[in-house]
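# Descriptive structure summary
Listed below are the residues making up each chain.
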Amino acid sequence: MHTAAPIAPLAGLAVMAGVFTLLAVLELAAPFRRASQSKSARWFTNIALFALDTLAVRLLLPIAMVGAAMLAAENGWGLFNLVTLPGWLVFVVTLLALDFALWLQHVVTHRIPLLWRMHRVHHSDIDFDVSTAARFHPFEIVLSMVWKVCVVIALGAPALVVAVFEVGFAVATLITHSNLALPPRLDRAVRTLLVTPTMHRIHHSPRVTETNSNYGTALSLWDRLFDTYTAEASQPQRQMEIGLEEWRDTRTAQLGFSLWLPFVKR
């Protein structure tokens, strides 16, 4: 496990880069929606935010999720280091618990005003494509990592399972934000278990009732279970608005404005 640890981040980044590139190519070939802003400006800002997020996490919380799992194992911390369970059960419970923890985190960022100020940077994008998956304020990403590290340590989650989850969740984030859509019948079938771009796009509607629904990124289970699931948007998704009612201009594609947005009054 220790030998593989330094390789895991590089392998994860390679997988994410490959998926990002594939989805970007598919969006160019068959976009579901027409862009309303300059793609070059938006992509520069969204990718720059991702770079700043990565730097902030590395500087402020260098152990991250896999490091936290290794630390917990070395010190005997957490549930799975205190009880003996079959490996397959630990694997399944860890994946479900981490996915639920991030679903819960997402709900909380919409309910607590201070956290919403940071999270609205993600929602202020008035277009919706794979680059939106990278659009988060550094403050939010650092707080998110603190939460994830705490959950990993509390679980005593195995480092390998955590690494699998991290990569899988990142891939799911890219897919669910892509400017693509499955055929309606297939989409309905897939979202009985997994979140699809059509399901998550509803969450990026400026209508508050739709924004405050479909919080899931990987599994659709939690939204169905806790009654935050919306099956259909109030408008056809090819024409529906994306983003926030407060900001509907080109400022949202600017890096400086996006970084300052948590401090801007509604």
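Residues numbered from 1 in each chain as written. Predicted model: local features only at pLDDT ≥ 70, side-chain atom pairs only at ≥ 80, totals over all residues. Heavy atoms only, no water.

## Brief notes about the overall build of the protein chain
When you go through the protein chain residue by residue, the secondary structure sums to 12 helices and 0 strands. In sequence order, the protein chain lays out its α and β elements as α-α-α-α-α-α-α-α-α-α-α-α. Rg of the C-alpha trace for the protein chain: 18 Å, near the compact-globule value of 18 Å for 266 residues, within the 12% margin. By principal-axis analysis of the C-alpha atoms, the protein chain measures approximately 50 × 40 × 35 Å. Once local pairs closer than 6 in sequence are excluded, the contacts in the protein chain between residues at least 24 apart make up 77%. (Helix = DSSP H or I, 4+ residues; strand = E, 2+ residues; numbered from the N terminus. Rg over C-alpha atoms; globule rule 2.2 N^0.38 Å. Contact = heavy atoms within 4.5 Å.)

## Quick look at the nonpolar core
The biggest cluster of nonpolar side chains holds 25 residues, and the ones touching the most others in it are Met65, Leu98, Val152 and Val162. Looking at this core, the elements with two or more residues in it are α3 (64–75), α4 (87–111), α6 (138–155) and α7 (159–176). If we ignore the near neighbours within four places in the chain, the residues touching Met65 are Leu98, Met145, Lys148, Val149, Val152, Val162, Phe165 and Glu166. (Core = buried A, V, L, I, M, F, W, Y, C linked by side-chain atoms within 4.5 Å. Buried < 20%, exposed > 50% of the residue type's maximum accessible area, 1.4 Å probe, protein only.)

## Overview of the side chain of Arg191
Relative to the helices and strands, Arg191 resides in the loop between α8 (184–190) and α9 (197–203). Among the residues examined, Arg191 registers a relative accessible area of 4% and is labelled buried. A distance of 2.9 Å separates polar atoms of two side chains, one belonging to Arg191 and the other to Asp187. (Polar contact = N/O pair within 3.5 Å; in protein donor to acceptor, adjacent residues only side chain to side chain.)

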